[in-house]
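# Coordinate analysis (summary)
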Amino acid sequence: MKNIAVIGAGTMGNGIAHVFAMNGYSVNLIDISEEALDKALATVTKNLDRMLKKERITEEVKQKTLGNLTKQTDLKAGVAEADLVVEAATERVDLKLKIFKDLDEAAPKSAILATNTSSISITKIAAATTRPAQVIGMHFMNPVPVMKLVEVIRGYATSDETTKTVMDLSRKLGKVPVEVNDYPGFVANRILMPMINEAIISLHEGVAGVEEIDTVMKLGMAHPMGPLQLADFIGLDVCLSILNVLFEGFGNPKYAPCPLLVNMVTAGKLGAKSGEGFYTYGHGTKELIVADAFKK
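Thresholds, definitions, all that
Residues numbered from 1 in each chain as written. Predicted model: local features only at pLDDT ≥ 70, side-chain atom pairs only at ≥ 80, totals over all residues. Heavy atoms only, no water. UniProt positions renumbered as here; feature names shortened; annotations may be inferred. Helix = DSSP H or I, 4+ residues; strand = E, 2+ residues; numbered from the N terminus. Contact = heavy atoms within 4.5 Å. Pairing = 2+ DSSP bridges. Axes fitted to C-alpha atoms, helices over the stretch in contact; angles between N-to-C directions. Buried < 20%, exposed > 50% of the residue type's maximum accessible area, 1.4 Å probe, protein only.

As recorded in an unreviewed UniProt entry, the chain goes by the name 3-hydroxybutyryl-CoA dehydrogenase, listed as coming from Phaeodactylibacter xiamenensis. Database annotation for the chain, UniProt heading Sequence similarities (unreviewed entry): "Belongs to the 3-hydroxyacyl-CoA dehydrogenase family."

Another point: the environment of leucine 69. Following the sequence through the fold, leucine 69 ends up in strand β3 (residues 69-72). Put simply, leucine 69 and glycine 226 are 157 residues apart on the chain and 35 Å apart in space, counted from C-alpha to C-alpha. Setting aside anything within four residues of it in sequence, one finds leucine 69 in contact with Ala17, Ala21, Val27, Leu41 and Val44.

Once that is clear, we can look at the sheet that holds β3. Judged by pairing direction, the sheet is mixed, and its eight strands sit side by side in the order β3-β2-β1-β4-β5-β6-β7-β8 without closing on themselves. Edge positions in the sheet fall to β3 and β8 (176-181), since each has one partner strand and no second. Pairwise comparison of adjacent strand axes, ignoring direction, gives a mean angle of 25 degrees for this sheet. Of the strand pairs in this sheet, strand β4 (residues 84-87) and strand β5 (residues 112-115) are connected by four bridges, and their pairing is parallel. Each bridged residue has a counterpart across the sheet, and for leucine 84 the counterpart in β5 is isoleucine 112. Helix α1 (residues 11-22) rests against β1 (3-7), β2 (26-30), β3, β4 and β6 (135-140) of the sheet, and its axis sits at about 170 degrees to β2.

Another aspect to go through is the pairing of β6. Extensive coverage of β6 is indicated by the burial of six of its six residues. Neither face of β6 is open: one carries Val135, Gly137 and His139, the other Ile136, Met138 and Phe140, and all of them are buried. Pairing of β5 with β6 involves three bridges; the strand directions are parallel. Looking at β6, one finds that leucine 113 is bridged to valine 135. Judged from the five bridges that link them, β6 and strand β7 (residues 149-154) form a sheet pairing that is antiparallel.

Right, let's get into unusual backbone geometry. Across residues other than glycine, the phi torsion is negative in most instances, and most of the peptide bonds are trans. Note the cis peptide between asparagine 142 and proline 143, where omega equals 0 degrees. The topology assignment puts proline 143 in the loop between β6 and β7. Although it is not a glycine, phenylalanine 186 adopts a positive phi angle of roughly 55 degrees. Mapped onto the elements, phenylalanine 186 comes out in the loop between β8 and α8 (188-204). The exposure class of phenylalanine 186 is buried, given its relative accessible area of 4%. Of note, the phi angle at alanine 222 is positive, near 60 degrees, even though the residue is not glycine. Relative to the helices and strands, alanine 222 resides in the loop between α9 (210-221) and α10 (227-234).

If you want it as structure tokens, here you go:
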């Protein structure tokens, strides 16, 4: 594999493109928005500069990485020579099904089509194509250049050959791939999201405050950040979406999203990306400030 196409220039897409390009692959980063592509390349450059400053890479590695990256607004042209396509678009079923239908028509017949979805069924996505054996989940963790894990998710029809190729490729990127099967939430979010939801329920029921809940989990369970801060970092809308996938997929009330989470998303309080969630952001300091709604 030499030519990689990454669909979506958001946080995950630019991180995935960064990692492939830094490991010597030729990468087409594809998005309908020229502005999003420019922003993504600026982010990659900034992250490379940070690595350079910390002496983790050389100037030569930085320049080679940037040289391996090409931006593209036309999907058909962007995937025409791809050996692997990694889709990292917005977490919406209708959008992903359309993208994979288009990819199936535009990408070479030999190409593997992967999705970075964190919860949507690989089998369902694969069914939109004529090559379900070559469709697989490649769930990177955020931030992609830093986090080692890749959940490699087999759909019902994903072949052994496709799985082996993606597992081996993940290792070449310096990642640790873990093979899992296609059930709602896979492994990471099936375990993580109920924990986050329970933290929100505990806040909602007045068991403890925002800082108290996060402190208990950081100092008592050795988590690098508390579940409420992590929810803000992921995006409360994303958390709600994944919980709904779990709830609908299993029909089990234990996955029902907390009403507080639903209300916050409805009110546009989405976490770090909107400037406010359980904490407030954009105040020019690394100190976490609890949002006014949760101050005692």
